[in-house]
Amino acid sequence: MTHVEDELTSQPECWARAASKAPRFVKVLPAPGERVAMVGCGTSYFMAQAAAALREGAGQGETDAFAASEFPHGRRYDRVVALTRSGTTTEVLDLLGRLKGDTPTTAITAAPDTPVEAAADALAVLDFADERSVVQTRFATTALTLFRAHLGLHPDTAVTDARTALAEPLPEGIVECGQFTFLGRGWTVGLANEAGLKMREAALAWTEAYPAMEYRHGPISVSTAGTATWMLGDAPDGLAEQVRGTGALWIAGALDPLAELVRVHRLAVAVAASRGLDPDTPRHLTRSVILEP
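Residues numbered from 1 in each chain as written. Predicted model: local features only at pLDDT ≥ 70, side-chain atom pairs only at ≥ 80, totals over all residues. Heavy atoms only, no water.

Participant: Which residues make up the sheet that holds strand 3 (residues 79-84), and what are the values?
Facilitator: Sheet strands associate in pairs through backbone hydrogen bonding, adopting either a parallel or an antiparallel arrangement. Spatially, the five strands line up as an open sheet ordered 2-1-3-4-5, and their pairing is parallel. Single-partner strands in this sheet number two, and they are strand 2 (63-67) and strand 5 (122-125). Across the sheet, the axes of successive neighbouring strands diverge by a mean angle of 20 degrees, strand direction being ignored. Across five bridges, the pairing between strand 3 and strand 4 (residues 105-109) is parallel. Paired with Thr84 across the strands is Thr109, a residue of strand 4. (Pairing = 2+ DSSP bridges. Helix = DSSP H or I, 4+ residues; strand = E, 2+ residues; numbered from the N terminus. Axes fitted to C-alpha atoms, helices over the stretch in contact; angles between N-to-C directions.)

Participant: Would you mind going over the packing of helix 3 (residues 43-57) against helix 8 (residues 188-203) in detail, with residue names and values included?
Facilitator: Remark: helix 3 packs on helix 8, axes separated minimally by 7 Å, with the N-to-C direction vectors making an angle of 160 degrees. The angle between helix 3 and helix 8 places the two elements in the roughly antiparallel class. With respect to the hand of their crossing, helix 3 and helix 8 are arranged in left-handed fashion. Taking contact as the criterion, the partners of Thr43, Phe46, Met47, Gln49 and Ala50 in helix 3 are, on helix 8, Gly190, Leu191, Asn193, Glu194, Leu197 and Lys198. Classifying every residue of the contact of helix 3 with helix 8 gives five nonpolar, four polar and two charged. (Parallel < 35°, antiparallel > 145°, perpendicular 65-115°, else oblique. Left-handed = near helix turned anticlockwise from the far one by under 90°. Contact = heavy atoms within 4.5 Å. Nonpolar A, V, L, I, M, F, W, Y, C, P; charged D, E, K, R; others polar.)

Participant: Could you give an account of the sheet that holds strand 9 (residues 249-251), with specific residues and numbers?
Facilitator: The four strands are arranged 7-6-8-9 in an open sheet whose pairing can be described as parallel. Strand pairing shows two members of the sheet lacking a second neighbour, strand 7 (206-211) and strand 9, which therefore form its edges. Taken pair by pair, the neighbouring strands of this sheet meet at an average axis angle of 20 degrees, ignoring direction. Along the sheet face, helix 8 touches strand 6 (179-184) and strand 7 and points at about 160 degrees away from the line of strand 6.

Participant: Please set out helix 4 (residues 90-99) residue by residue, giving values where relevant.
Facilitator: The complete set of buried residues in helix 4 reads Thr90, Val92, Leu93, Leu95, Leu96 and Leu99. The elements touched by buried residues of helix 4 are strand 1 (36-40), strand 3, strand 4 and helix 5 (116-119). Downstream of helix 4 by a residue or two, Gly101 has a phi angle that is positive, lying close to 80 degrees. (Buried < 20%, exposed > 50% of the residue type's maximum accessible area, 1.4 Å probe, protein only.)

Participant: Please set out the nonpolar core residue by residue, giving values where relevant.
Facilitator: Within soluble globular proteins, side chains that are nonpolar tend to cluster in buried spots. The biggest cluster of nonpolar side chains holds 62 residues, and the ones touching the most others in it are Ile108 and Phe180. Broken down by element, this core gets its largest block of residues, nine residues, from helix 10 (residues 257-274). Membership of the second largest hydrophobic core comes to 17 residues, among which are Val92, Leu95, Leu99 and Val116. (Core = buried A, V, L, I, M, F, W, Y, C linked by side-chain atoms within 4.5 Å.)

Okay, here's the thing in structure tokens:
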């Protein structure tokens with residue numbers, strides 16, 4: 001078993017643990033009414049997108065999401081929350097350093113004994129969800145689970161659905177597809193972006209991701225026999241029929257959207273195996289991007 005397979009199968013237990021720990025982090029995570037920016041790089045950026053949409057959608061306050069390198073320093077925030085599994089990503093550390101003493105910052109990390117400990121004003125540590133794999137699975141979803149629980153939006157069914165996602169067979173014929181499109185709405189747009197990234201990282205697959213309502217505005221033109229379109233969350237009316245009409249394989253997200261992402265993790269490993277790839281050693285990637293000064 002690869003590291004990524006081992007780690008992705010532990011997600012239900014990690015989520016349950018994160019949800020139980022949420023109350024102890026209440027003072028370092030955003031309070032209702034604060035204007036907040038969520039930042040990260042790669043997978044963490046896409047989890048930041050999902051978390052920001054969840055928080056603002058819940059009426060907790062204006063919440064934006066940015067790649068750490070693209071943070072708008074002309075805007076004022078009450079708090080900046082950075083997601084960083086390794087605690088060593090250059091762009092995140094640079095941003096936290098610039099904000100020090102000006103804007104309160106919190107880092108959600110799996111590695112507290114790293115430079116992020118000094119760079120951030122406060123930490124939410126999820127070291128039990130750390131990973132050996134370059135490709136993130138359980139840390140990303142566990143960090144988002146912590147945020148969902150903090151917002152009171154972690155459903156009791158999420159962990160059960162994650163176990164279902166690990167146990168049920170993948171959709172018939174999907175591993176053989178040559179192109180994959182992932183769709184989301186609201187907070188699940190970030191999940192769709194992350195699903196596409198997982199497939200590219202682990203399986204070198206041709207993937208795209210869009211807000212579901214945007215799919216008709218051009219991207220649906222790539223749909224044909226041999227492609228798959230996977231909806232994370234509830235689909236817009238009529239879209240499933242329209243996609244099936246192209247000859248593409250339509251996958252409806254029947255589980256909690258975060259559990260659907262677990263199914264995509266499994267798909268990425270399966271497609272990698274079918275192509276003779278090792279998902280633990282993705283091409284051109286390292287566990288953390290650390291740039292020379």
